[in-house]
Amino acid sequence: MSTIPIKKPATIDEYIGAFPSEVQKILEEIRITIQKAAPDAKEKISYSMPAFDQNGIVVYFAAFQKHIGLYALPSGHEAFQEELSKYKSGKGSVQFPLNKPIPFDLITRIVRFRVKENIEKGEK
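Residues numbered from 1 in each chain as written. Predicted model: local features only at pLDDT ≥ 70, side-chain atom pairs only at ≥ 80, totals over all residues. Heavy atoms only, no water.

A short note on the overall build of the protein chain
Heads up, the condition is: Under the DSSP-based scheme used, a helix requires at least four consecutive residues in state H or I and a strand at least two consecutive residues in state E, with every element numbered from the N terminus. Throughout, the radius of gyration refers to the C-alpha atoms, and the reference size of a globule is 2.2 Å times the residue count to the power 0.38. Type-normalised accessible area, obtained with a 1.4 Å probe on protein chains alone, sets the label of each residue: buried when under 20%, exposed when over 50%, and partly exposed for intermediate values. Contacts between residues were defined by any pair of non-hydrogen atoms, one from each residue, lying within 4.5 Å. Accessible surface is estimated by sampling points in the Shrake-Rupley manner with a 1.4 Å probe; for residues, cover comes only from the protein chains shown. Charge assignment: positive for Lys and Arg, negative for Asp and Glu; neither His nor the chain ends contribute. Where a charge lies is defined by one atom per residue type: Lys uses NZ, Arg uses CZ, Asp uses CG and Glu uses CD.
When helices and strands are counted, the protein chain shows five helices and six strands. Moving toward the C terminus, one meets the helices and strands of the protein chain in the order α-α-β-β-β-β-α-α-β-β-α. On C-alpha atoms alone, the protein chain measures out to a radius of gyration of 14 Å, which is about the 14 Å that the 2.2 N^0.38 rule sets for 124 residues. Each of the three principal axes of the protein chain carries a C-alpha extent, and together these read 40 × 30 × 25 Å. Classification of the 124 residues of the protein chain by burial places 46% in the buried group. For the protein chain, restricting intrachain contacts to residue pairs at least 6 apart in sequence, the fraction spanning at least 24 positions comes to 51%. Surface accessibility of the protein chain: about 7,000 Å² in total, with carbon and sulfur atoms responsible for 53%. Both charge centroids of the protein chain, one from 18 positive and one from 15 negative side chains, sit 4 Å from each other.

Section: the nonpolar core
What counts is decided by this rule: Remark: nonpolar core denotes a set of buried residues (Ala, Val, Leu, Ile, Met, Phe, Trp, Tyr, Cys) joined through side-chain atoms within 4.5 Å.
Grouped together as the largest cluster of nonpolar side chains are 39 residues, with contacts concentrated most on Leu 27 and Val 111. Those elements that provide at least two residues to this core are α1 (12-17), α2 (21-37), β2 (49-53), β3 (57-63), β4 (67-71), β6 (94-97) and α5 (104-123). The greatest single-element share of this core, amounting to seven residues, is contributed by β3. Dropping the residues within four chain positions of it, Leu 27 is found in contact with Tyr 15, Ile 16, Phe 19, Phe 61, Ala 63 and Ile 68.

Quick word on the packing of α2 against α5
Let me state the cut-off plainly: To obtain each axis, a line is fitted to C-alpha atoms, and for helices this fit is confined to the stretch in contact; angles are then taken between N-to-C directions over 0 to 180 degrees. Roughly parallel covers angles under 35 degrees, roughly antiparallel covers those over 145, roughly perpendicular covers 65 to 115, and oblique covers all other angles. It is the rotation of the near helix from the far one that decides the hand of a crossing: anticlockwise by less than a right angle makes it left-handed, clockwise makes it right-handed. As a working rule, the residues Ala, Val, Leu, Ile, Met, Phe, Trp, Tyr, Cys and Pro are called nonpolar, Asp, Glu, Lys and Arg charged, and the rest polar, with Gly in that last group.
Interaxial distance between α2 and α5 falls to 9 Å at its minimum, and their mutual angle equals 40°. Taken together, the axes of α2 and α5 are oblique relative to one another. The handedness of the crossing between α2 and α5 comes out as right-handed. Side by side, α2 and α5 meet where Glu 29, Ile 30, Thr 33, Ile 34 and Ala 37 of the first sit next to Phe 104, Ile 107, Thr 108, Val 111 and Arg 112 of the second. Counted by class, the contact of α2 with α5 contains six nonpolar, two polar and two charged residues.

A look at the sheet that holds β3
The condition is simple: Being paired, for any two strands, means DSSP has found at least two bridges between them.
Strand order across the open sheet formed by six strands is β1-β2-β3-β4-β6-β5, with antiparallel pairing between neighbours. With partners counted over all chains shown, the strands left at the sheet margins are β1 (42-46) and β5 (88-89), one partner each. Two strands pair when backbone bridges link them, and β5 and β6 are joined in this way by two bridges, in the antiparallel orientation. Opposite Ser 89, over in β6, you have Val 94 as the bridge partner. In this fold α2 packs onto β1, β2, β3 and β4, with an angle of close to 170° to the strand it touches most, β3. Relative to the sheet, α5 contacts β3, β4 and β6, its axis offset from that of β3 by approximately 145°.

Here it is in structure tokens:
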């Protein structure tokens, strides 16, 4: 299982539907968490992954065999570096293992930070 299902998804519903039911449940919870934290963001598929856009990409997320990847671009990860340090991460990504609780509160705070950042960037 990787981030790119066999058929390239056109919608987030299609993307989520391509995974086993237990992963679908987690992906849908992440989607709802992001929707609540960024109610004005528009859903889209970008780079074959679910993405939320509000004055630019706020966040991407994707399912893999053993983790969920969250991509809040470098700034979102830098701002929450200490809290994210317990997870495997890269410059603009973090991996939440599927066998551990997903930190929905942390995702909410990261998304709100990114929305604020994108709005401020758009006002300049």
